[in-house]
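Residue-level structure breakdown
These are the residues of each chain, in order.
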Amino acid sequence: ACLTANREEAKFENEEFNEASDSSIYGSLAYEKCCKNFQHFQKDQRRPLRVLDLFSGIGSGVVVLKRLKLPIHTIVHVEHDPVAVEVCKANHRDDRITHHYVTTFEE
């Protein structure tokens, strides 16, 4: 009975979160049109962004913004973990963006 339940659960998970069928979105014309519209909007922006990255960790959120090729001038990273701050600095060096790191807070 337990084996049958596990199979049914796996079947349900595969039906709901099937990566192969979800990846077909990226090849659709609607997705391509949205990407082109976003890129056109992106080119129309004149002023680079100033980003406040609270609880920045290793800077994963900023990686997403950079991959979207958003114009970023300055990023203020707020993180108390010194290891995460050092990893963030390593992840974002030499990217022509001004980075400020806030590691201490008022009590």
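Everything here concerns the structure above.
Nothing here was measured: the structure is a model prediction, and the numbers come from that model. (Residues numbered from 1 in each chain as written. Predicted model: local features only at pLDDT ≥ 70, side-chain atom pairs only at ≥ 80, totals over all residues. Heavy atoms only, no water.)

Before going further, it helps to examine the overall build of the protein chain. Helix and strand content of the protein chain: five helices and three strands. Starting at the N terminus and ending at the C terminus, the protein chain contains elements arranged as α-α-α-β-α-β-α-β. Relative to its full complement of 107 residues, the protein chain shows a buried share of 19%. Accessible surface computed for the protein chain: about 8,900 Å², of which carbon and sulfur atoms make up 56%. (Helix = DSSP H or I, 4+ residues; strand = E, 2+ residues; numbered from the N terminus. Buried < 20%, exposed > 50% of the residue type's maximum accessible area, 1.4 Å probe, protein only. Areas by Shrake-Rupley, 256 points an atom, 1.4 Å probe, with all protein chains shown as cover.)

Looking at the element boundaries, aspartate 53 is found in strand S1 (residues 49-54). Lacking a salt bridge, the buried aspartate 53 has lysine 66 as its closest oppositely charged neighbour, with an N-O distance of 10 Å. Among all residues touching aspartate 53, those that are not within four sequence positions of it are Gly59, Val62, Ile75, Val76, His77 and Val78. (Lys, Arg positive; Asp, Glu negative; His and termini not counted. Salt bridge = Lys/Arg side-chain N within 4 Å of Asp/Glu carboxyl O. Contact = heavy atoms within 4.5 Å.)

So, about the sheet that holds strand S2 (residues 72-78). Within the open sheet, the three strands sit side by side as S1-S2-S3. Their pairing is parallel. The outermost strands of the open sheet, each flanked by one partner alone, are S1 and strand S3 (98-102). Taken over all neighbouring pairs, the strand axes of this sheet differ in orientation by 15° on average, direction set aside. Where S2 and S3 come together, five bridges link them in parallel fashion. Across the sheet, residue isoleucine 75 finds its bridge partner in S3, namely histidine 99. (Pairing = 2+ DSSP bridges. Axes fitted to C-alpha atoms, helices over the stretch in contact; angles between N-to-C directions.)

Along an α-helix, a turn takes 3.6 residues, which lines up residues three or four apart on a common side. Turning to helix H5 (residues 82-91), its buried residues number three or more, namely Ala84, Val85 and Cys88. Axial view of H5: buried residues confined to an arc of 100°, hence all on one face. Residues of H5 that are exposed and angled more than 90 degrees away from the buried face: Pro82 and Val83. Those residues of H5 that are buried are in contact with S2 and S3. Structurally, the start of H5 carries an N-cap: the backbone nitrogen of valine 83 is 3.2 Å from a side-chain oxygen of aspartate 81. (Arc of directions from axis to C-beta. Polar contact = N/O pair within 3.5 Å; in protein donor to acceptor, adjacent residues only side chain to side chain.)

Counting residues in each nonpolar core, the largest one holds six residues, listed as Val51, Val62, Leu70, Ile72, Ile75 and Ile97. Discounting residues that sit within four places of it in the chain, valine 62 has contacts with Asp53, Ile75, His77 and His92. (Core = buried A, V, L, I, M, F, W, Y, C linked by side-chain atoms within 4.5 Å.)

On inspection of all chains with the given rule, the structure shows two salt bridges. Among the salt bridges present, the one from aspartate 95 reaches lysine 66, with a minimum N-O distance of 2.9 Å. One end of the pair, aspartate 95, is in the loop between H5 and S3; the other, lysine 66, is in helix H4 (residues 60-67), and 29 residues separate them in sequence. We classify lysine 66 as partly exposed; its relative accessible area is 24%. In this structure, glutamate 86 engages lysine 89 in a salt bridge whose closest nitrogen and oxygen atoms are separated by 3.8 Å. Here glutamate 86 and its partner lysine 89 are both found in helix H5, three residues apart, which amounts to about one turn of the helix.

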